[in-house]
Amino acid sequence: METHPKGSRARILLSSVFGPYAQDDEFGSRSINPMELYHNQVTRAQGSFSLRMFHRSWGIMMIQANISAPCSVLDFPTRKAFARELTKNHYDVVGISSIIVNVGKVREMCRMVRELSPGSVIVVGGHVAAIPGVEAMIDADHIVRGEGISWMRRYLGEDEHAPIRHPAIVSGLQTRIMGIRLPNRKGGTAATIIPSVGCPMGCNFCTTSAFFGGKGKFVNFYETGDELFDVMCGIEAELKVHSFFVMDENFLLHRTRAMRLLERMKEAGKSWELSVFASANAIRKYTMLELVELGVSWVWMGLESPKSSYGKLQGTDIGQLTRELREHGIRVQGSTIIGLEHHTPQNIHEEIEYAVSHGTDFHQFMLYTPVPGTPLYAQMQQEGRMLDDVDLADIHGQFKFNYKHAAISRDESKVFLDWAFRHDFERNGPSLFRICETTFQGWKRYHNDPDLRVRRRFAAEARKLRTTYNAALWAMEKRLRTTNPTISKRIRDLRCEVESAFGTFTRMVRVVVGPVLLWTSKREDKRLANGVTYEPETFVERRNWIAKGKESHTANVVTMHPRHTEQPLTNIAAARVAVSSLSQTTGD
Ligand code: B12
Ligand code: SF4
C-alpha cells in the first residue's frame, strides 16, 4: 500500500462532517435527523420528557489516539470552523469521517480542502465509503472501507499491529431533559469503551456487520477480559467514572471475555455499571445473577417480531426476557423494525402493539432500510426494488422507505413509523418514568444482597431515585393528569411506593424540586413547539502537536466552542445539579 512520504511527521486533520444538523439544507442536513441518539430515533415523540444528548465521533478519536503523527480532531465543526482550521494550520492529510446520509457534506468538504489547502491529501473513511461508486461522487484521494486505525497506521508507516490505546471518552454530552441542561460534571457521565467493531451475526440489513466484514467477521480491539479490565481501570481513574457505555454491537456474544472481565471485577471489588448492546440469544447465555454481578444495568436489544426470519430471537420468549431483565433492575432499550417483509397495512398495528406491549424502558423504531453495502441492498437491487430517486440524505430510517415494499407504500411507511413512537409513549409513558420503575425493582430485589459490589451499585442507583427522580415523577404525574390519566396514575402509584420506602427526605426533595421541574418542562414544551432545536458544540483536540513556529510539544489540548445561544438556566441551578445524575443511568 502507498504510504505518505512524510510518514509519522505528516500533520493530520481528522474531522467529522459540518453542522448545523437539525435543519433542512442543500448539503443533506435534515430537521428530522438531528445529531442526537435518543431524540432522533428513540424518544422523539416524548416532548420535553425526551432525552436530549450528543455523542462525540469516536472513530476519529480512536484513530487520533493510535497514531504518533501530530494530529487534530475537529468534531462537529461549522463550515466556517472547518475553513478556518484548514487555513490556520497546514495539514498534509485531511481525513473526513462520515456515514452515508452525510455524503453531500463530504463532497463539499473535499471541495473546500482542494480550494483552501490544495497540498493536502484527502482521506475519507467511515460508513460513507460503502456507497457503490462513491469515488465519482466525491473528490478524495483515498476512500477507506472498514477499520481505520490499522489503515492510518499503515499509511503513515507505523506498526498496524501495535496494541490499541483507548482514549478517555465521555459518553454523553450536553444532556438535557424536562427543560434542564445538566452540567458537564467530571465523573457525572458514563465513559464510552469500544472493545470491537462489527458483528459476526451478519443480519442481512445490518450495516455495521457488513462494513467490518459481514457474517462471521468482526475486529476485536481487546481480545480478552484482562485487556478490557485494564483499559477500564485506566479510564475509571482518568475520568472518575464507575459507569461504562460499552460500544460493541453484541458485547455479550463474547462470553469468555465477559466472564473473565467479571472475575477481574470481583477480585478488585469493582461495582461498575455497564450499558451494553446484545442480541436476545446472547443474553440468554447468562443467568440473571451473572448479568447483575457483571454490572449490566442497561441492554439495547432487538425485539423483532416472532414472525420475522431473523435468528436472534429463536427459542427466546422475548416478553418473558424483557420482564425478567427489568425485574432485576436492568433497563431495556428495545429496537423494532417497521416494514419487515411480512408487514402489511392490515397487520402492522398489531405488530407495533406487540412490540410496545413489552413495556421496555426505551424503544427505538426504525424503518426496514436496505443500505448500500449490505446483503439486503444487493438483494433488493437484484430484484429491481430499490427506488432510484431517493436522496441519500433521506436514507436514515426515520423518514420513508427507499425501496418498494410488497404491501406498504412509501408514504404509509412514515405514517406507521410515527404512529409507533406515539403509541409507545401513550401506552407506556415517558421513558424517564419507566427507568424509575426498573431502578426501583432492582433496588427492592438487591439492596440487601450479600455481595457488597452488587449492594453498592444498587444503592448508588437508588440515590437518584430517593432525590430527583422522585421529584421528576411528581412533575410527570401532574403534567399527564389530563392528557393521559392512566399513565399519570401509574406514575403516582410508583411515587407513593418510592416515598414510603425512602421516607421524609425524599418527600422534601420532591416538594422543593418537583415544582421547578414542572415549570421547566412546560417551558420546554413551548420552546419545542416554537421550533427550538439543539446542536452539539464544536471540539478541537490536538495530540502530538507542535504549534507552527514553536519548539514546544503540546500533548493533548482540548478546546470547545459553544455553538448555540441558549441562555444558562441560572435561576434553576439547584435543580440542574439535582438531576445531573440522569446521564449515568441512561448509560450515556
Ligand atoms: C455513536 C453513533 C451515532 C451518534 C453520532 C456520533 C457522531 N458524532 O457522528 C448519533 C447517536 C448522533 C448517531 C446518529 C445517527 N446515526 Co449513528 N451510530 C453511532 C454508532 C452507534 C457508533 C459509531 C461509532 O463510534 N462506532 C465505533 C467506531 C470506532 O467505529 P466507526 O465510527 O465505524 O469508525 C471506524 C471506521 O468506520 C473507520 N473510520 C471512521 N471514520 C474514519 C475516518 C477516516 C479518515 C478513516 C481513514 C477511517 C474512518 O475507522 C474507525 C475505527 O475502525 C454506530 C453503530 C456502530 N456500532 O458503529 C451508528 C451508525 C454509524 N449510525 C448510523 C445512522 C444511520 C445514524 C443516523 C442516521 C440515525 C438513524 N436514524 O439511524 C443518525 C445520523 C445523524 C446525523 N445527522 O448525521 C448508521 C450508519 C449507516 C450507514 N451505513 O451510513 C450506523 C452504522 C448504525 C446502524 N447500524 O445503522 N449515530
Ligand atoms: S445481531 Fe445486531 S449487530 Fe449483529 S448483525 Fe444482527 S443486527 Fe447487526
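Nothing here was measured: the structure is a model prediction, and the numbers come from that model.

Rules behind the numbers
Residues numbered from 1 in each chain as written. Chains lettered and ligands numbered in written order. Predicted model: local features only at pLDDT ≥ 70, side-chain atom pairs only at ≥ 80, totals over all residues. Heavy atoms only, no water. Core = buried A, V, L, I, M, F, W, Y, C linked by side-chain atoms within 4.5 Å. Buried < 20%, exposed > 50% of the residue type's maximum accessible area, 1.4 Å probe, protein only. Helix = DSSP H or I, 4+ residues; strand = E, 2+ residues; numbered from the N terminus. Contact = heavy atoms within 4.5 Å. Salt bridge = Lys/Arg side-chain N within 4 Å of Asp/Glu carboxyl O.

Caption draft 1: Structural view of the nonpolar core. Judged by nonpolar contacts, the single largest core of 151 residues is most densely connected at Phe244, Leu252, Leu261, Leu274 and Met301. In terms of residue count, the dominant contributor to this core is helix H17 (residues 452-479) (11 residues). Residues within four places of Leu261 in sequence aside, it is in contact with Gly225, Leu228, Phe229, Met232, Phe251, Trp272, Leu274 and Leu294. Core analysis: the next-biggest nonpolar cluster, separate from the first, contains 23 residues, Cys203, Ile337, Phe365 and Phe421 among them.

Caption draft 2: Layout of helix H2 (residues 58-65). Counted residue by residue, H2 has 7 buried out of 8 residues, so it is predominantly covered. Trp58, Ile60, Met61, Met62, Ile63, Gln64 and Ala65 are the residues of H2 that are buried.

Caption draft 3: Focus on the pattern of salt bridges. Tallied over the entire structure, the rule returns 49 salt bridges. Among the ionic pairs, Arg331 bridges to Glu273, the shortest N-O distance being 3.8 Å. Of the two residues, Arg331 sits in strand S16 (residues 331-338) while Glu273 sits in strand S14 (residues 273-277), which places them 58 residues apart along the sequence. Judged on exposure class, the residue Arg331 and its partner Glu273 are both buried. Between Glu477 and Arg492 there is a salt bridge, with the nearest N and O atoms lying 3.3 Å from each other. Residue Glu477 is found in helix H17, and its partner Arg492 is found in helix H18 (residues 485-502); the two are separated by 15 residues along the sequence. What makes Arg492 partly exposed here is its relative accessible area of 41%. Salt bridges here are not isolated pairs; linked through shared partners, they connect Glu477, Lys478, Arg492, Arg495, Glu499, Arg507 and Arg510.

Caption draft 4: Region of the structure containing unusual backbone geometry. Of note, the bond from Gly19 into Pro20 is cis; its omega dihedral lies within 30 degrees of zero at 0°. As for its placement among the helices and strands, Pro20 is situated in the loop between strand S1 (12-16) and helix H1 (38-41). With a phi angle near 60°, Lys240 is a residue other than glycine that sits in the positive phi range. Inspection of the secondary structure assignment puts Lys240 in the loop between helix H8 (225-239) and strand S13 (243-246).

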